[in-house]
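Per-entry structural report
Below are the chains, spelled out letter by letter.
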Amino acid sequence: MPTDRVNGAPLPRPPVVPERVALFATYALAMLLFFRGPILSGFDLGYGDRGDGLIEISLLEHWRNVLTGASHWATTGYFYPYAGTLGYNDGYFLYGLVYSFWRLFADPFLADTLNIATFKTIGFFAAYRLVSHSLGWGHRSGLFVALIVTIASGMVNQAGHAQLHIIALLPVAMMLIIAIVRAERAGQKARARIGAVALAALLAAWLMTAYYTAWFTILFSALYGLFYIILTMPLRPRAFAKAVRPHIATIATGIGSFAVFIVPFLVTYLPKKWETGGHHYFDHVYNQVNPIDLINVGRDNYVWGWIFRLFRALIPDTGAAESMIDGEHITGFPVLLFILILIAAWRIIVRGSTAPGQPVSPALRALALALIVSWLLTLKLFGHSLWYLVFRLAPGASGIRVVLRYQLFLVLPALLLVVAAHRARAYRLLRTRSMLMGGLLALLVGEQLTGASAALLSRSVQRRALWAIPAPPPQCRAFYVVAARKFEPMFGHEALNSLYPHNVDAMFLAERWNVPTINGFSTFNPPDWAFANPLAPDYESRVATYAQRHRLQGLCRLDMRKAKPWTMMPETP
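Okay, so let's go over this structure.

Reading guide: rules and limits
- Residues numbered from 1 in each chain as written.
- Predicted model: local features only at pLDDT ≥ 70, side-chain atom pairs only at ≥ 80, totals over all residues.
- Heavy atoms only, no water.
- Helix = DSSP H or I, 4+ residues; strand = E, 2+ residues; numbered from the N terminus.
- Polar contact = N/O pair within 3.5 Å; in protein donor to acceptor, adjacent residues only side chain to side chain.
- Contact = heavy atoms within 4.5 Å.
- Patch = residues over 30% accessible without salt bridge, like charges linked within 9 Å, V, L, I, M, F, W, Y side chains within 5 Å.
- Areas by Shrake-Rupley, 256 points an atom, 1.4 Å probe, with all protein chains shown as cover.
- Salt bridge = Lys/Arg side-chain N within 4 Å of Asp/Glu carboxyl O.
- Buried < 20%, exposed > 50% of the residue type's maximum accessible area, 1.4 Å probe, protein only.
- Pairing = 2+ DSSP bridges.
- Axes fitted to C-alpha atoms, helices over the stretch in contact; angles between N-to-C directions.
- Parallel < 35°, antiparallel > 145°, perpendicular 65-115°, else oblique.
- Left-handed = near helix turned anticlockwise from the far one by under 90°.
- Nonpolar A, V, L, I, M, F, W, Y, C, P; charged D, E, K, R; others polar.
- Disulfide = S-S within 2.5 Å.
- Expected span 1.5 Å × (residues − 1).
- Arc of directions from axis to C-beta.

1. Description of the side chain of Thr331
Along the chain, Thr331 turns up in the loop between helix 16 (318–324) and helix 17 (335–351). Of the polar contacts made by the side chain of Thr331, one reaches the backbone oxygen of Leu404; its length is 3.4 Å. Of the polar contacts made by the side chain of Thr331, one reaches the side chain of Gln407; its length is 2.8 Å. Sequence-distant contacts of Thr331, defined by excluding residues within four places in its chain, comprise Gly154, Gln158, Asp293, Asn296, Leu404, Gln407 and Leu408.

This is how it looks when you write it as structure tokens:
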């Protein structure tokens with residue numbers, strides 16, 4: 001801050017813009033930039049698409065039914081008559097609670113958008129608080145981190161995967177960890193243990209909501225803890241035990257609380273893990289980070305998109321492009337920010353200082369090591385990757401398919417490194433060459449922006465189609481779908497179209513009517529699921545075989561192409 005002098009003592013000048021005004025103005029800018037697609041459509045468009053978007057909303061409707069007492073928490077309205085079907089996909093628990101509140105005022109599609117807005121709001125203010133107060137790095141640093149975290153290029157491009165927005169809880173978890181450590185060091189044992197219980201509850205609820213980001217958080221924390229111990233603790237067993245002994249009670253409180261809070265997650269997901277086997281390593285290889293993915297912001301990025309348009313022009317095969325630089329691969333960091341991350345990591349890890357005479361703390365060096373090492377683990381070179389070690393050694397790694405999403409998790413840790421390494425120079429440049437600094441900040445914000453939008457699910461289109469479907473007859477105890485819509489363009493390509501439209505419509509309708517369906521589609525499906533290609537000649541025989549195997553009674557058939565859409569099927573013997 002610029003200073004005046006009174007009697008030789010420096011006094012801070014009042015800021016040009018009050019902190020609270022700057023905070024809420026930056027928040028408004030961040031939300032406008034992130035939600036400009038839904039806003040410009042008059043909130044007709046929501047995040048996601050005809051497939052995954054409806055699946056997510058169906059799961060949120062499930063939690064609404066749970067809260068009203070209409071459904072068992074672990075069994076969804078689809079994949080009937082299987083129980084515990086929540087375990088085939090992310091659980092969306094915390095999302096479901098927030099969404100159910102918004103459903104008091106909005107339809108499912110608008111409530112879904114408001115749910116995402118709620119978590120983006122949590123992420124913005126938690127990131128600001130983490131940087132400006134918990135870390136004590138100042139108001140301006142907090143604004144910068146909160147803004148970039150909210151509009152990060154990778155998150156904008158992957159916003160259709162709604163479960164990823166739960167990364168908003170990461171700064172909350174970091175603040176809890178900092179508070180626990182400080183309370184423990186200050187001898188405030190009760191406060192530290194309350195914080196440990198809160199952190200355990202947060203992580204358990206997070207796992208029950210979105211597995212990927214929660215698991216990434218635990219993996220990163222384990223690596224951070226390992227590097228911190230190596231840098232600060234005596235490695236001889238007796239000396240190590242002596243250093244840890246005063247904190248055993250708090251550590252045990254956290255671990256014990258987590259063991260209790262995680263029981264619903266284990267009850268839900270372990271049976272399905274044993275049933276399905278999880279993902280295979282080949283799935284991981286296909287979705288690992290290619291070197292170009294480190295800076296892959298997509299063809300539509302306003303600043304760096306030309307790089308990927310050029311790269312794409314060199315790959316005439318659309319399928320090859322999808323597997324190399326498109327789709328899930330668009331998770332990288334913009335070029336300028338990526339360079340700043342590498343410089344920050346070099347200064348902190350190799351040089352051990354961010355400026356002459358300013359050595360870095362072991363905590364900051366451990367953060368940099370955890371970021372760089374874990375990032376390298378995801379990198380694929382010549383078809384090979386060190387992620388194989390993670391897959392084989394880390395518990396729960398088989399639940400991860402798209403390793404590329406780890407780059408989205410790294411946004412906040414990377415920004416913390418950048419601010420820690422560069423903030424002194426940035427403040428100095430702001431005082432001496434404010435125009436240049438302003439231009440750099442504008443570029444750091446501008447390079448996050450893209451012309452692409454993941455807001456593809458039209459509220460009006462879906463309401464017109466789904467609200468036109470009559471409810472099933474009273475004698476219908478379960479149903480299946482042949483066609484829920486009369487006319488509809490193909491979803492994606494033929495393979496996707498054979499899997500998604502009729503199944504995801506059935507999922508949504510089952511939750512809306514509280515009438516179960518044998519249809520459904522998820523990350524994993526039941527062992528005898530066979531409900532693709534509803535217009536194929538053998539679809540009815542597949543349904544009949546399934547109904548007979550499970551002794552289903554009161555099964556009815558929905559086909560909106562017919563004058564009378566509902567048909568009761570013959571009772572199974």
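2. Things to note about a nonpolar patch on the surface
Taken together, Leu226, Ile229, Ile230 and Leu235 make up a surface patch of nonpolar side chains, about 360 Å² in accessible area. Along the chain, Ile230 turns up in helix 10 (residues 211–232). Among the residues examined, Ile230 registers a relative accessible area of 47% and is labelled partly exposed.

3. Considerations on the pattern of salt bridges
All told, the structure shown has 18 salt bridges when counted by the stated rule. Ionic pairing is found between Arg299 and Asp326, a salt bridge with its closest N-O pair at 3.9 Å. Of this pair, Arg299 sits in the loop between helix 14 (281–286) and helix 15 (305–313) while Asp326 sits in the loop between helix 16 and helix 17; the two residues are 27 residues apart in sequence, bridging distant segments of the chain. Looking at Asp326, the relative accessible area reads 9%, which means it is buried. Asp528 is paired through a salt bridge with Arg549; the nearest N and O atoms lie 3.0 Å apart. Of this pair, Asp528 sits in the loop between helix 25 (501–513) and helix 26 (539–549) while Arg549 sits in helix 26; the two residues are 21 residues apart in sequence, bridging distant segments of the chain. On the basis of relative accessible area, Asp528 is assigned to the buried category, the value being 16%. Residue classification places Arg549 among the partly exposed positions, given a relative accessible area of 48%.

4. Things to note about the pairing of strand 10 (residues 555–559)
Within strand 10, five of the five residues are buried, which leaves it mostly tucked inside the rest of the structure. Here strand 10 shows two buried faces, one formed by Leu555, Arg557 and Asp559 and the other by Cys556 and Leu558. Two elements, strand 9 (residues 478–483) and strand 10, share five bridges in a ladder whose sense is parallel. Pairing of Tyr480 across the sheet is with Arg557, part of strand 10. Counted along the chain from strand 10 to the antiparallel partner strand 11 (residues 566–568), the turn is six residues long.

5. Quick notes on the packing of helix 17 against helix 18 (residues 362–378)
Orientation of helix 17 relative to helix 18, taken along the N-to-C sense of each, is 125°, at an axis distance of 9 Å. In terms of orientation, helix 17 and helix 18 fall into the oblique class. You can see that helix 17 and helix 18 cross each other, and the crossing is left-handed. Counted together, Phe338, Ile341, Ala345, Ile348, Ile349 and Arg351 of helix 17 and Leu364, Arg365, Ala368, Leu369, Ile372 and Trp375 of helix 18 form the full contact between these two elements. Class assignment for the residues of the contact of helix 17 with helix 18 results in ten nonpolar, no polar and two charged.

6. Describing the state of the cysteines
Each disulfide is one covalent bond, formed between the sulfur atoms of two cysteines. All told, the structure shown has one disulfide when counted by the stated rule. The disulfide partner of Cys476 is Cys556, and the S-S distance across this bridge is 1.8 Å. Between Cys476 and Cys556, the disulfide has an S-S torsion of -55° and is therefore left-handed. Residue Cys476 is located in the loop between helix 23 (459–467) and strand 9, and its partner Cys556 is located in strand 10; the two are separated by 80 residues in the primary sequence. Residue Cys476 is classed as buried on the basis of its relative accessible area, which comes to 8%.

7. Considering helix 17
Counted at 1.5 Å a residue, the expected span for helix 17 with its 17 residues is 24 Å, and the 23 Å between its end C-alpha atoms agrees. Against the buried residues of helix 17 lie helix 6 (139–151), helix 15, strand 4 (353–355), helix 18, helix 21 (411–432) and helix 22 (434–446). Two residues or fewer after helix 17 comes Gly352, characterised by a positive phi angle close to 75°.

8. Quick look at helix 12 (residues 248–261)
An ideal rise of 1.5 Å per residue puts 20 Å on 14 residues; helix 12 measures up with 20 Å between its terminal C-alpha atoms. Among the residues of helix 12, Thr250, Gly254 and Ser257 are the ones counted as buried. Seen end-on, helix 12 carries its buried residues on one side only, within an arc spanning 70°. Looking at helix 12, the residues exposed on the side facing more than 90 degrees away from the buried face are Ile255 and Val260. Residues of helix 12 that are buried make contact with helix 8 (169–185) and helix 9 (189–207).

Such coordinate-based values are descriptive only and should not be taken to indicate function.
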